[in-house]
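Residue-level structural notes
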Amino acid sequence: MEKQQGFPRALLKQSIAERDQYFRSYTVAHPNLKTANEDLASAIREAIPGSLILVCGPSGVGKTTLRLRTEQRITTELLAELNSDPGRLPVVGIEAISPDVGNFNWKQFYTIVLEALDEPCITHKVKLPSQDNGHERIKQRIHGTNDLRHATEQAIKYRKPVSLLIDEAQHLAKMSSGRKLQDQLDSIKSLANRTKIPIALLGTYELLPFRNLSAQLSRRSVDVHFRRYRADHAEEAKSFKNVLWSFQNHLPVHETPDLVGDWDYFYERSIGCVGILEDWLVRALVKALKDGGRSLTRKHTEKSALSISQVQKMLSEAVEGEALLDESPESRTRLRTLMGLGATFTGRGSVPDTIKNTSNETKTRKRRQPGERNPKRDPIGNGQRSTE
């Protein structure tokens, strides 16, 4: 493992709040985050106008960190254009709010987007005059969902962001029994169509039902899988240990703890999700600082860890989601069978020598050299054939 420089030692003389804030703001640029960042960047760059990008991963994997890094990267890339066009915004990032009860609140959603677009006087907007009353024009203040939606579309067109990033996008699927998931999808899909920008939905695996609601969406959507680290993959286990190594060297306590030496315990209670691990260490650090900040002990981490039942629930959802996103040979076989291509295929996708199907079954026969006899059972015993 690489030697870590760690936190500034002068921090040890600072207040508990300052030491706590330092660690909360520290992030690790780990391999899975880098991969997801590159995949999302490519998806936005190569996206068809009006398409959707679905970024899925388990709860606590670090999707909010991914969104913030994406916003920072796009802003950096567009600095020259932003200087020449001060009214432009490079990217818009928001968080979808979960409704307390009932359906997802679209009115609230459009208001949040308008605020992120720095749209002025949101609550004082009026419709353009549509009719005359003598010599006086009648103005109507916008207040309904459709009005706010139109204002959002116009603001996006004028601000010209590269993309709209919606964090916690699984909340879009929150609805009462009287509303269909397809309706929710149509709303966000229509927004992408009319603004001509790709919309990235970042959420848990609960977002996956959006993928296959329609053939049109399947054609125009891209998946980005932000996965957790898996302990049964040697390289991924090594990466998780490196993350622990970085965290332990940036914990602002006098004695550096040995988190790596107990890595399997930290993996057990975080299921390989860096976001869960970081939140856990933040809680443990607060306890350690209240105890004097000399060291972070196993007692602090055990009191701050998630319960076994909580971990089991998160792991179950993660494994189920991974199975839906990871393509298996069985799923490809079913696809080829539906297409009439047959179940046999080669790794490069070339036409197989023999394809077995229900209408015309062929068999590959081995050619024999001249003089080579047919395969048959040789006689046993004294070599005499039975005449019976």
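Below you will find a few notes about this structure. Computed from a predicted structure; not experimentally measured. (Residues numbered from 1 in each chain as written. Predicted model: local features only at pLDDT ≥ 70, side-chain atom pairs only at ≥ 80, totals over all residues. Heavy atoms only, no water.)

1. Comments concerning the sheet that holds strand β7 (residues 221-225)
- If you trace the five strands from one edge of the open sheet to the other, you get β2-β5-β6-β1-β7, paired in parallel fashion. Because the sheet does not close on itself, it has two edges, and the strands there are β2 (92-95) and β7. If you compare each strand with its neighbour and ignore which way they point, the axes differ by 20 degrees on average.
- Across three bridges, strand β5 (residues 164-167) lies against strand β6 (residues 199-203) in parallel orientation. Residue pairing in the sheet places leucine 164 in a bridge with isoleucine 199 of β6.
- Here helix α3 (residues 63-77) sits on the sheet in contact with β1 (52-56), β2, β5 and β6, set at roughly 165 degrees to β5. (Pairing = 2+ DSSP bridges. Helix = DSSP H or I, 4+ residues; strand = E, 2+ residues; numbered from the N terminus. Axes fitted to C-alpha atoms, helices over the stretch in contact; angles between N-to-C directions. Contact = heavy atoms within 4.5 Å.)

2. Focus on the pattern of salt bridges
- Under the counting rule described, the total for this entry stands at 17 salt bridges.
- Taking the shortest distance from any N to any O, the salt bridge between arginine 298 and glutamate 302 comes out at 3.1 Å. Taken together, the positions of arginine 298 and glutamate 302, both in helix α12 (residues 298-304) and four residues apart, correspond to about one turn of that helix.
- Note that lysine 313 is salt-bridged to glutamate 317, the shortest N-O span being 3.5 Å. Placement of both lysine 313 and glutamate 317 in helix α13 (residues 308-325) is noted, with a separation of four residues, approximately one turn of the helix.
- On the basis of relative accessibility, which here comes to 51%, the residue lysine 313 falls in the exposed class. (Salt bridge = Lys/Arg side-chain N within 4 Å of Asp/Glu carboxyl O. Buried < 20%, exposed > 50% of the residue type's maximum accessible area, 1.4 Å probe, protein only.)

These figures come from the coordinates and say nothing about function on their own.
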